[in-house]
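Residue-level listing of the chains:
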Amino acid sequence: MEEPKAPSKRVEDTEGAIFQDAKDPAAVKSLIWKQDLRIVPLSAFIYLLCYLDRSNIGNAKVLNADTDDDLLSDTHMTNYEYTIALMVFLIAYAVFEVPSNYLLKKLKPSRWIAFLMLSWGAITMGLGGSKNFGQVTGIRFLLGVIEAGLFPGLVYYLTFWYRVSERSIRVALILASATLAGAFGGAIAYGVGYMNQSHGLSAWRWLFIIEGAPSCASALLVFFILPDYPETSGWLNADEKELARHRLEVEGSKGSAKAMSWADAKCVLVDWRLYAHYAIYFGISTPFSSLSLFTPSITAGLGYENLQAQLMTVPPYAVAYVVTVAVAGSADYFNARGIHSAIFSFIGAMGFLASAVLPADAYLHRYGCLIVATSGAFSCIPPLLGWLSSNLDTTAAAGLAIALNVSFGAPGQIAGVWIYKANEASRGYPTGHWTNAALLLFVCVGCILLQLYYVMMNRGRRQEGMKLYAY
């Protein structure tokens, strides 16, 4: 008679971690809360500064355009050259994401992220001194090189601290700071617009200087207070460190793990299942990129003029912040990340679709559609990232796959800089809206198909006692 198979170590460890959580839920809750206070607000603040410094060029493009003191007028750039400057940032962003995630693990998160902050802050301030197309383009390329590693780095960083079911809401709180940056960016640009020609500088130059300085100043703070790994944190006692280690035995990355080897990389590169995640992320990247860079231009085409156009970028991002956090919390609570991304990508698609078919002068209706589209596009991203990271097994796999995922999104982001054409402003930018609607529908269908695939695969894995894929 054949002896029953022993459960795999992975299953035993997972059950042990669950048992530990159930045995002392108060200790687990206290540990997570302690981690949250140290990690989440600081990470969200870091990403807010990063996103503010990468997207403020959209505000600079239209700031004080009525008096010809905007970015394009002062640097004698055409709309085509402006688009090229946006594109080179994204090319650099795509190329340097993977090596940056490698260095984050190699050099420790606090050191690497502090270096990135100091660098991108200084580069942003330098953009305020640019005088022509070549300088703007060169500086934007450098900005892309430096900022490339931050977002995938922060998503990877969370895997050192949190289990699968805990990550989406925290990724959302970090990513949602991008929507706050969009809201703050519009409000700041509105105020800075009144500094036009102060000390002989156009307001857009002041915008880059003022928004770059906080990143430089905050780099020192991050260097000293951003915790690296649970096992090296002095603010956790011995029992808390052991609990953190046990909870993440299977579902987390390890600070003590070795840096990625070629064998680790090969396992990720030939795992064709992951390419479905990458393709879906490509689809969401174009709406994300185009909204980030062209919301001021879109609102300027909705009947709002001059500085009022800057101010009217605030509501879409403010609503998107609330929706993004709520969707991520729900995705974690119900352990259903794929279906949440499918639903809200569909909602975003309908917002863009309505914008495309409404008359160009239906300003109020199209402004409402912009709010719906922004909320849908932004809110489906954290569950997608949480879904990917929850279906990876090792520290090296998480670091590489997350970076590759965001890198695959880079071509989509590059496409995003071309679809809102300046010569279509009077017609309501139909090309941009139709493109974004189609890609969000692609995301919706992709999420549904990938979830069905995981359901099918889990039937066999359940019989073999293997860890199940997350939905």
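Residues numbered from 1 in each chain as written. Predicted model: local features only at pLDDT ≥ 70, side-chain atom pairs only at ≥ 80, totals over all residues. Heavy atoms only, no water.

As annotated in an unreviewed UniProt entry, the protein chain is Putative transporter C1002,16c from Talaromyces islandicus. If you open the UniProt record of the protein chain and go to Subcellular location (unreviewed entry), you find "Membrane". (UniProt positions renumbered as here; feature names shortened; annotations may be inferred.)

Asks: How do you make sense of the overall build of the protein chain when you look at a structure like this?
Replies: Scanning the protein chain from N- to C-terminus turns up 20 helices and zero strands. Computed over the C-alpha atoms, the radius of gyration of the protein chain is 23 Å, within 12% of the 23 Å expected from 2.2 N^0.38 for a compact globule of 471 residues. In terms of its C-alpha atoms, the protein chain occupies a principal-axis envelope of roughly 85 × 45 × 40 Å. With 471 residues in all, the protein chain has 58% of them scored as buried. Of all intrachain contacts in the protein chain linking residues separated by at least 6 positions in sequence, the fraction that spans at least 24 positions is 82%. For the protein chain, the computed accessible surface area is about 18,700 Å², with 67% contributed by carbon and sulfur atoms. (Helix = DSSP H or I, 4+ residues; strand = E, 2+ residues; numbered from the N terminus. Rg over C-alpha atoms; globule rule 2.2 N^0.38 Å. Buried < 20%, exposed > 50% of the residue type's maximum accessible area, 1.4 Å probe, protein only. Contact = heavy atoms within 4.5 Å. Areas by Shrake-Rupley, 256 points an atom, 1.4 Å probe, with all protein chains shown as cover.)

Asks: Explain helix 18 (residues 381–390) to me, please; I cannot follow it from the model alone.
Replies: An α-helical turn contains 3.6 residues, so a residue and the one three or four places further along point in the same direction. By the criterion of burial, helix 18 is predominantly enclosed, with ten of the ten residues buried. Those residues of helix 18 that fall on the buried side of the exposure criterion are I381, P382, P383, L384, L385, G386, W387, L388, S389 and S390.

Asks: Would you explain the environment of G376 in this entry?
Replies: Note on placement: G376 falls in helix 17 (residues 363–379). Overall, G376 belongs to the buried group, its relative accessible area being 1%. Expressed as a C-alpha distance, the spacing of G376 and A320, which sit 56 residues apart in the sequence, is 7.6 Å. Beyond its immediate sequence surroundings of up to four residues, G376 is in contact with F344, S345 and G348.

Asks: What exactly am I supposed to notice about the domain arrangement of the protein chain here?
Replies: In many reports, interface size means the accessible area that the parts give up when they come together. Split by domain assignment, the protein chain resolves into domain 1 (35–253) and domain 2 (262–470). Taking only C-alpha atoms, the centre of domain 1 and the centre of domain 2 are 19 Å apart. Each partner contributes residues to the interface: domain 1 has 58 residues there, and domain 2 has 49 residues. Taken over both partners, the interface formed by domain 1 and domain 2 buries close to 4,500 Å², and the fraction arising from carbon and sulfur atoms is 71%. Seen at the junction of domain 1 and domain 2, the total is zero salt bridges. Our count for the contact surface shared by domain 1 and domain 2 stands at four residue pairs in polar contact (both at pLDDT 80 or more). Mapped by element, the contributors of at least two residues to the side of domain 1 that touches domain 2 are helix 2 (25–62), helix 4 (79–95), helix 5 (97–107), helix 8 (150–158) and helix 9 (164–192). By residue number, the principal contributor to the side of domain 1 that touches domain 2 is helix 9, which donates 20 residues. Here the residues of the side of domain 1 that touches domain 2 sort into 34 nonpolar, 16 polar and eight charged. (Domains from an automatic or database assignment. Buried area = accessible area lost by both parts, 1.4 Å probe. Salt bridge = Lys/Arg side-chain N within 4 Å of Asp/Glu carboxyl O. Polar contact = N/O pair within 3.5 Å; in protein donor to acceptor, adjacent residues only side chain to side chain. Nonpolar A, V, L, I, M, F, W, Y, C, P; charged D, E, K, R; others polar.)

Asks: Help me understand a nonpolar patch on the surface in this model?
Replies: A cluster of nonpolar side chains, contributed by I339, I343, F346, I347, M350, V372 and L441, occupies part of the molecular surface with about 520 Å² of accessible area. In terms of residues, the nonpolar patch owes the most to one element, helix 16 (residues 337–357), which gives five residues. By the secondary structure assignment, M350 is in helix 16. (Patch = residues over 30% accessible without salt bridge, like charges linked within 9 Å, V, L, I, M, F, W, Y side chains within 5 Å.)

Asks: So what exactly am I meant to see when it comes to the pattern of salt bridges here?
Replies: If the charged atoms of two oppositely charged side chains come close together, the side chains can form a pair. Taken as a whole, this structure holds seven salt bridges when the rule is applied. The salt bridge partner of K34 is E240, with a shortest N-O separation of 3.1 Å. Remark: E240 occurs in helix 11 (residues 238–247) and K34 occurs in helix 2; sequence separation between them is 206 residues.

Asks: What am I meant to see in the packing of helix 5 against helix 8 here?
Replies: To describe two helices that pack against each other, one gives the angle between their axes and the distance between the axes. Here helix 5 crosses helix 8 at 40°, and the two axes come no closer than 9 Å. In terms of their interaxial angle, helix 5 and helix 8 are classed as oblique. The handedness of the crossing between helix 5 and helix 8 is right-handed. On the side of helix 5, the interface is formed by E97, N101, L104 and K105, while helix 8 contributes P152, G153 and Y156. Taken together, the residues that form the contact of helix 5 with helix 8 break down as three nonpolar, two polar and two charged. (Axes fitted to C-alpha atoms, helices over the stretch in contact; angles between N-to-C directions. Parallel < 35°, antiparallel > 145°, perpendicular 65-115°, else oblique. Left-handed = near helix turned anticlockwise from the far one by under 90°.)

Asks: Teacher, can you tell me more about the nonpolar core here?
Replies: Looking at soluble globular proteins, one finds that nonpolar side chains tend to be buried together. Y47, I113, W120, F151 and I284 are the most contacted members of the largest nonpolar core, which totals 125 residues. Looking at this core, the element that brings in the most residues is helix 2, giving 15 residues. Formed jointly, this core draws a minimum of three residues from each of two domains, domain 1 (35–253) and domain 2 (262–470). The residues touching I284, leaving out its near neighbours within four places in the chain, are A377, C380, I381, L384, L440 and V443. (Core = buried A, V, L, I, M, F, W, Y, C linked by side-chain atoms within 4.5 Å.)

Asks: Even after reading the chapter, I still don't get the packing of aromatic side chains, so can you show me in this structure?
Replies: Between two aromatic rings, the relevant description is the distance of the centres plus the angle of the planes. Scanning all chains against the criterion turns up 24 aromatic pairs. Ring plane angle 50° and centroid distance 5.1 Å describe the contact between Y156 and F160, whose orientation is recorded as tilted. Exposure remark for F160: the relative accessible area of 1% places this residue in the buried category. Each residue in the set Y47, Y51, F151, F288, Y317 and F378 is aromatic and connected to the rest through ring pairs, giving one cluster. Directly above the aromatic system of Y93 lies the positively charged group of R54, at a separation of 4.9 Å from the ring centroid. For R461, the ring lying beneath its charged end belongs to Y469, and the centroid distance is 4.2 Å. (Phe/Tyr/Trp six-rings, centres within 6.5 Å; stacked < 30°, edge-to-face > 60°. Lys NZ or Arg CZ within 6 Å of the ring centre and 35° of its normal.)

Asks: Where do I start with the packing of helix 2 against helix 10 (residues 203–225) in this structure?
Replies: At a closest axis distance of 10 Å, the pairing of helix 2 and helix 10 adopts a crossing angle of 160°. By the criterion of interaxial angle, the relationship of helix 2 to helix 10 is roughly antiparallel. Seen along the crossing, helix 2 lies across helix 10 with a hand that is left-handed. Mapping the contact onto sequence places L42, F45, I46, L49, L52, D53, N56, I57, N59 and A60 in helix 2 and W204, L207, F208, E211, G212, P214, S215, S218, V222 and I225 in helix 10. Its residues assigned to classes, the contact of helix 2 with helix 10 comprises 13 nonpolar, five polar and two charged.

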